[in-house]
Each structure stands twice: as structure tokens, then as C-alpha cells.
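Chains, contacts and geometry: an overview
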Amino acid sequence: MATDDGTLAGEPRRPRNLHGAVSGSIHDDATARRLGFRGGTIAGSYHMEQAVPLALALFGRAWFDNGTMAAYFRNATVDGEGVQAFARRTPGTGDGERAELWMDTADGRRVWDGSATVGDPGGPSALADRMTDRDADKVRILSFLRVGEVIDLGELRLDGERQRERLRKGLMTEPLDWYGDSSPWGPAVASPPTEVSFTFESVKQAIVRRRGPAVGLYGAIEIRHLAGPLLLGETYHVSSTVLALGCTPKTEYMWTETVAADRDGTPVTSVLMMSRVMKASSDLYS
């Protein structure tokens, strides 16, 4: 559906919190409420999935070939809360195309805002100006990390079973045929939550083992398709670079860029991530 100003509106949805049973995480009701949230939160990458049909409506399958999607998260949502994604074309200065993206709750609260591109539209991405290292010298929970540090996980296979299970159980808010068994690229395509889980979440587990107990949540994500989409069943070399560290009054944060490259070493997809850690969840701030 398009409005008079050219805004495309996705279907209203009520996503489920699929990680609510993970005790001690931001998705667990008790933990989230103790930290000041209304309840266990839905991971932001699942909300980005709702914007994929809008990106395809604007840019076609080329979005999976060399497109991006960026989201800066403003308000967390809880299980079954009504949300709707929107998109509107914006001028580009290069050879590609650009659109503004955002998501609102049914009562008008902004969940996230960002952008989608295809090709090279020129200008900075929606997250380029947000990467800062404010008060990096005050970091405690993440003090073991260093800007420029590379975390190399080597060869990993993207099995995609969690994505297929969500499809089978009807838990994907915006299912595409290409997410199932096959796609124009051969195997099934990874959806945004699968891309984020395969790249950043793999790296996060290596960081958590060094970090110690604390509760984290996504702050911002930018997915970049550099040479086509990630494909289920394929093997990629995954490595991540720490780009920035910093503090806000309630959180510490890190910016990382994680790249999945094919067997020839060609970068296929990268995920720029700003991940937060709640100060109140760590003994270092007690």
C-alpha cells in the first residue's frame, strides 16, 4: 500500500518473542523488567525481516545482490505487540538507489529507523554518523576489548535450521519462498535474523566467554550484501573487527563489523553492529 507522499506501508504484524525462554537474557520477562523494560524484548533483527518485502518492492531482487538495510533501534517491543514497517524513496547522489525505512508500533512509538539501498547511491549510510567512541576510557565490562582487534572464527557452515523451523511453525512474520528450500541463487536465502545470528551472534559468543555475566541487547544493525545473499547450507569464513567502544549513562557499547567470505575469500555479506551491555546487569557497576 502506498500513500500520497510515496510511502510504502507493510502489513501490520504481531511478532512473537522467540527467545523468551532464555533465562537471564533481555528476552526473558523477569530479567527485562528488572532492568526497566516492559517485558522480554523481541530481537531487532526479527523486526528488520518485516522490511524485506518493502526493499524488494522498491529495488527488486537486486537488493539481495548488492543492497543494504540499516536500523537504529529506539524502543523495544514485547511479545505480540503490533508493529508496522514503512519505506519511502529518498534522493541518491550516485549510481544506486536509496530509501528511508522505519517501523512504528500500533500506538505510534518509533521502534527503529534507518535506510535501505541498492548499488552505490552515494553519501553515508544511516549508521555512518552514529559510530562514536564516547567515554571509551570509562568502559569496564568491555575493557578487555581493543579497537582494531580482529576476532577470527574460521570456517563456519550456515545450516539454517532455525530459519526453516520458524517457517514450518508459522513463526516468521514475513515469510518468502526464497527462505525455504531454494532461490534464484540456488540454495535458500538467509533472512536478516539468520544473517545476524550467523555473523555477529557467533562472534558474540566468543566475546561473552571473556566478558563474564552481563545482559546485552542490539543497538543498531546494518546488513550489507556485497556479492549476493548468504545461502543456507554453504560454508563461509567469518571474522569480525572491533571498530569502537563507548559508554552511555545506562550501557556500554561496542561497534563491530563482521564479514562472511566465500571459499575464494570474496566478502559476501557484512554486518555492522552496535551492541549494548546493560550496566545494571554487571557486578562491575554494583
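These notes cover the structure that comes with them. Remember, it's a predicted structure, so these values are computed and weren't measured experimentally.

Attention now moves to the environment of A220. By the element assignment, A220 lies in strand β9 (residues 216-225). A residue is classified by how much of its surface remains accessible, and A220, at 0% relative accessible area, is buried. Once the C-alpha coordinates of A220 and A70 are considered, the two residues, 150 residues apart in sequence, prove to be 7.6 Å apart. If we ignore the near neighbours within four places in the chain, the residues touching A220 are A71, Y72, F73, L127, W255, L272, M273 and M274.

Right, let's get into the side chain of T7. Among the structural elements, T7 can be located in the segment before β1 (8-9). Within polar-contact distance, the side chain of T7 engages the side chain of R88 at 2.8 Å.

Turning to the sheet that holds strand β5 (residues 110-118), a few remarks are in order. If you walk across this open sheet you meet the ten strands as β1-β3-β4-β5-β2-β9-β12-β11-β10-β6, and the pairing is antiparallel. Of all strands in the sheet, those with a lone pairing partner are β1 and β6 (150-157), marking the two edges. By the bridge criterion, eight bridges tie strand β4 (residues 97-105) to β5 in an arrangement that is antiparallel. Looking across to β5, one finds that M103 is bridged to W112. Relative to strand β3 (residues 83-90), helix α3 (residues 52-59) is tilted by about 25°, and along the sheet it contacts β1, β2 (67-73), β3, β4 and β5. Along the sheet, helix α6 (residues 192-211) contacts β6, β9, β10 (235-247), β11 (251-261) and β12 (267-278); its crossing angle with β6, the most-contacted strand, is approximately 130°.

Take the nonpolar core next. Core analysis: the largest hydrophobic core is formed by 64 residues, its most contacted members being F64 and I221. A70, L127, A244 and M274 belong to the second largest nonpolar core, which has nine residues in total.

Another aspect to go through is α3. Across the eight residues of α3, six count as buried, placing the element largely inside the fold. At the C-terminal side of α3, G60 shows a positive phi close to 75°.

Within the chain, D135 stands out as a residue other than glycine whose phi angle is a positive 55°. The topology assignment puts D135 in the loop between β5 and β6.

Enumeration over the complete set of coordinates arrives at 16 salt bridges. Residue D104 is joined to R110 by a salt bridge in which the shortest nitrogen-to-oxygen separation is 2.4 Å. Overall, D104 belongs to the buried group, its relative accessible area being 15%. The partly exposed category is assigned to R110, whose relative accessible area is 30%. Between D107 and R109 there is a salt bridge, and its shortest N-O distance comes to 3.7 Å. In this structure, a network of salt bridges that share partners links the residues R38, E81, D107 and R109.

So, how was this worked out
Here the residue numbering is sequential within each chain, running from 1 through the sequence in written order. Since the coordinates come from a predicted model, pLDDT governs what is reported: local features require at least 70, and pairs of side-chain atoms require 80 or more to be given and counted, while whole-chain, interface and lining totals use all residues. Note that the side-chain values use all heavy atoms of the structure and ignore hydrogens as well as water. The helix count covers DSSP runs of H or I at least four residues long, the strand count covers runs of E at least two residues long, and both are numbered beginning at the N terminus. Accessibility here uses a 1.4 Å probe with only protein chains present; expressed as a share of the type maximum, an area under 20% marks a residue as buried, one over 50% as exposed, and anything in between as partly exposed. By definition in these notes, contact holds between two residues if any of their heavy atoms fall within 4.5 Å. We call two N or O atoms a polar contact when they sit within 3.5 Å, provided that within protein one can donate a hydrogen and the other can accept it, with sequence-adjacent residues counted only if both atoms are side-chain atoms. Only when DSSP finds a minimum of two bridges between them are two strands counted as paired. Lines fitted to C-alpha atoms define the axes here, with helix axes fitted over just the stretch in contact, and angles between the N-to-C directions of these axes take values from 0 to 180 degrees. Grouping buried Ala, Val, Leu, Ile, Met, Phe, Trp, Tyr and Cys residues that are joined through side-chain atoms within 4.5 Å yields what is termed a nonpolar core. Here, a salt bridge means any side-chain nitrogen of Lys or Arg that lies within 4 Å of a carboxyl oxygen of Asp or Glu.

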